[in-house]
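Given next are the chains, with one letter for each unit.
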Amino acid sequence: MEFDYLALGSGIAGLTFAINAAPHGSVAILTKKQRSESNTNYAQGGIAAAIGSDDSWELHLQDTLNAGAGLCDREAVEVLVKNGPRLVQWLIELGAQFDRNPDGSLALGREGGHSRNRIIHAADHTGYEIERTLLIAARKTPHITILEHYQALDLILEDGVCTGVQVLDTLTGDVFEIRAKAVLLATGGCGQVYLHTSNPLIATGDGIGMAWRAGAVIANMEFIQFHPTTLYHTDAPSFLISEAVRGEGGILRRIDGYRFMPDYDPRAELAPRDIVARAIDAELKKTGDPHVYLDITHLDAEFIKRRFPTIYQTCLQYGIDITREPIPVVPAAHYTCGGVWTDLDGRTTIPRLYACGEVAYTGVHGANRLASNSLLEALVFAERAALHATTRLEEPPPQPKPSCITIALPPVTPAPQVADHAYNWDASRLQIRKVMQKKVGIVRTTQRLQEARCELESLTAQVEAAYRALPPTVESCEVRNLAACALLITHSALARKESRGLHYVLDYPNTRPELATCPTLAYPA
Ligand code: FAD
Ligand code: SIN
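A brief structural summary. (Residues numbered from 1 in each chain as written. Chains lettered and ligands numbered in written order. Predicted model: local features only at pLDDT ≥ 70, side-chain atom pairs only at ≥ 80, totals over all residues. Heavy atoms only, no water.)

### Comments concerning the overall build of the protein
Scanning the protein from terminus to terminus reveals 13 helices and 19 strands. Relative to the 2.2 N^0.38 estimate, which gives 24 Å for 525 residues, the radius of gyration of the protein is 22 Å and therefore close to what a compact globule would have. With the C-alpha coordinates aligned to their principal axes, the bounding extent of the protein is approximately 60 × 50 × 45 Å. Within the protein, the proportion of its 525 residues that are buried is 62%. Taking the contacts inside the protein whose residues are at least 6 apart along the sequence as the reference set, 73% of them involve residues at least 24 apart. Element-wise, carbon and sulfur atoms account for 51% of the exposed surface of the protein, whose accessible area totals about 19500 Å². Averaging the positions of the 49 positive and the 60 negative side-chain charges in the protein gives two centres separated by 3 Å. (Helix = DSSP H or I, 4+ residues; strand = E, 2+ residues; numbered from the N terminus. Rg over C-alpha atoms; globule rule 2.2 N^0.38 Å. Buried < 20%, exposed > 50% of the residue type's maximum accessible area, 1.4 Å probe, protein only. Contact = heavy atoms within 4.5 Å. Areas by Shrake-Rupley, 256 points an atom, 1.4 Å probe, with all protein chains shown as cover. Lys, Arg positive; Asp, Glu negative; His and termini not counted. Charge placed at Lys NZ, Arg CZ, Asp CG, Glu CD.)

Here it is, written out as structure tokens:
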């Protein structure tokens, strides 16, 4: 198969790129499950844009830089916040239905780290509404083909130029190639690398793994965002309790009822996520309790049901009526702030390979992403990538500015002996997730990181050997990419000898000002 443009992933980034590229040629969107299955589809709180009468792009910029703890690329953030209002309007023109005030203006919610109400939302299922809108728009746009149940395995490079991908048909097991003039990675993040995560099963870091094996530069992988509040329930997989709940006045309490957040930050429950997640972690360690509570019982019950219908219904399924009782919550891995390094046009260091959305590192999020900035980042940079790919494809690829934190990782060497006909992929997946949860979590130490690196190196070598020995499957491809992401996170965490934003290491508790402009860049050795 051959197309002009090939987008890997059907979330907000892949769909936005495709809709913008389609007027210039044929576009295929490859997606490993059914088309709507993506992190985008589960986004709850909303999309940030400075549209309020008391707001401005400058304020949105400042809040983003503050949350990013000195490590954001200011130019990238400017591009983000200046384009926000226009692209939200684009979604509305495509048909997105966001909540409105009685006077018809957009209802704006509040989330942690924002100094103004600027979160545009559709109740607590904003991602579903955006995904629905973009899928309809893609269906109506000529020249777009969506290929479901096709899993990208590896990028094809000829003379160092990306010319396509190797693909697995997940229904038949066939492996084949798709060629294109330009390839976009829009495969999302790697939340599944942790045992406890808000992310759906698709989030296995495939794009980061593929780009890494192809020799692209990967940046800032140590900055994994843990969302402070996911439902704690023995029968429930980690289900997100949106930050918007705190935005509407939700209060965090210990099991004994004590409200602890004011002890940690004057912004209390609305401090940026790294601060709230670490505070909960500290309280849990101090008390030995399995969870804390998020309490919104003081709000009007009808308002809660209308504003948070998904959260209300889901909690009810688990026997918790959130209008009458507090919600047991714990932090869980939520967002990959780093990823495949790109310039402001979504270009990676490999010619004709682009990356947008959660798979990419644009410099926007720095050491900690501001809530509801990721849907916006995907929109803004996917539009720019499409513009570049359709008009300036021939330009030589960019390179990152030199940084004072760089790592050079040799390619994975397969372990010498492997089972010749079978391999327990599930066991390896679980092992990776357990190691990451235990040793590369919210609070890190050099010793635990070194232990994790050792375990992950040996596991990765076994996984690579088994992958090469056996026909590719959904499982083998995902476990291989999870292993790559786990190693990249751990190596990057070891390289950053300071605490900043989401990266908190007990041995280096202070932020080192001289590292403020230094992203962690991982190069292939
Ligand atoms: P995704 O939406 O994750 O899409 C990735 C796509 O790639 C999927 O279609 C997947 O199937 C496909 N794919 C992956 N690997 C392969 C492969 N090997 N081959 C083919 N296809 C592949 N952000 C906000 O800004 N506001 C919010 O309110 C918000 N709430 C969130 C709530 C939850 C529960 C979660 C998990 C995240 C939330 N986020 C939120 C983050 C945000 O949803 C994501 O960062 C964003 O949707 C990522 O979009 P994307 O297009 O980059 O990737
Ligand atoms: C949430 O609704 O809390 C998620 C928002 C985000 O991840 O930006």
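### Digging into the pattern of salt bridges
Summed over the entire model, instances satisfying the criterion amount to 43 salt bridges. For the salt bridge of Glu-383 with Arg-86, the shortest nitrogen-to-oxygen distance reads 2.8 Å. Here Arg-86 lies in helix α3 (residues 74-94) and Glu-383 lies in helix α10 (residues 374-391), a separation of 297 residues in the sequence. A salt bridge links Arg-179 to Glu-177; its shortest N-O distance comes to 2.7 Å. (Salt bridge = Lys/Arg side-chain N within 4 Å of Asp/Glu carboxyl O.)

### Re the environment of Ala-152
Residue placement: Ala-152 occurs in strand β7 (residues 150-158). On a C-alpha basis, the gap between Ala-152 and Val-175 in space is 9.6 Å, while along the polypeptide they are 23 residues apart. Aside from chain neighbours lying at most four places away, what touches Ala-152 is Leu-8, Leu-30, Gln-166, Met-210 and Cys-477.

### What about the sheet that holds strand β15 (residues 339-341)?
Here we have 5 strands laid out as an open sheet, ordered β17-β15-β10-β19-β18, and mixed in their pairing. Both outer strands of the open sheet, β17 (360-361) and β18 (405-409), are each paired with one neighbouring strand and no more. In terms of strand pairing, strand β10 (residues 218-219) meets strand β19 (residues 520-524) through 2 bridges, oriented antiparallel. Its bridge partner being in β19, Ala-219 is matched across the sheet by Leu-521. Each of β10, β15, β18 and β19 touches helix α5 (residues 206-214); the most contacted strand, β15, lies at about 45° to it. Running at roughly 140° to β18, helix α13 (residues 474-495) makes contact with β10, β18 and β19 of the sheet. (Pairing = 2+ DSSP bridges. Axes fitted to C-alpha atoms, helices over the stretch in contact; angles between N-to-C directions.)

### Concerning the sheet that holds strand β14 (residues 327-336)
Taken in spatial order, the 4 strands line up as β11-β14-β13-β12 in an open sheet, and their pairing is antiparallel. If you trace the sheet from one side to the other, it starts and ends with β11 (224-231) and β12 (251-253), each paired once. This sheet shows a mean twist of 45° between the axes of neighbouring strands, independent of strand direction. With 3 bridges connecting them, β12 and strand β13 (residues 292-295) associate as antiparallel partners.

### Re the packing of aromatic side chains
Taken as a whole and assessed by the stated rule, the structure comprises 4 aromatic pairs. Taking 5.3 Å as the distance between ring centres and 75° as the angle between the ring planes, the aromatic pair formed by Tyr-150 and Phe-176 counts as edge-to-face. Of this pair, Tyr-150 sits in strand β7 while Phe-176 is found in strand β9 (residues 175-185), placing the two residues 26 residues apart along the sequence. Take Tyr-150: its relative accessible area is 17%, and that puts it in the buried class. Directly above the ring of Trp-57 sits Lys-82, whose terminal nitrogen or CZ lies 4.5 Å from the centroid. The ring of Tyr-335 has Arg-369 sitting right over it, with the charged end atom 4.1 Å from the ring centre. (Phe/Tyr/Trp six-rings, centres within 6.5 Å; stacked < 30°, edge-to-face > 60°. Lys NZ or Arg CZ within 6 Å of the ring centre and 35° of its normal.)

### Topic: the pairing of β13
Look at any regular strand and the pattern is simple: side chains alternate between the two faces of the sheet. When β13 meets β14, the two strands line up antiparallel, connected through 3 bridges. Bridged to Val-292 within β14 is Val-329.

### Considering the side chain of Arg-118
Here Arg-118 shows up in the loop between β4 (108-109) and β5 (119-120). On the basis of relative accessible area, Arg-118 is assigned to the buried category, the value being 0%. Looking at Arg-118, its side chain comes within polar contact range of the side chain of Asp-55, at 2.8 Å. Contact partners of Arg-118, with chain neighbours within four places excluded, come to Ile-47, Ala-48, Ala-49, Ala-50, Asp-55, Leu-59, His-60, Asp-63, Leu-108 and Gly-109. (Polar contact = N/O pair within 3.5 Å; in protein donor to acceptor, adjacent residues only side chain to side chain.)

### Brief notes about the site of ligand 2
Close to ligand 2 lie Gln-44, Gly-45, His-227, Leu-240, Ser-242, Glu-243, Arg-273, His-334, Arg-369, Ala-371 and Ser-372, which account for all nearby residues. Here an oxygen atom of ligand 2 sits 2.7 Å away from a polar atom, N or O, in the side chain of His-334. Note that an oxygen atom of ligand 2 is positioned 2.7 Å from one of the side-chain N or O atoms of Arg-369. Within the complex, the protein chains bury 93% of what would otherwise be the 260 Å² of accessible surface of ligand 2. (Near = heavy atom within 4 Å.)

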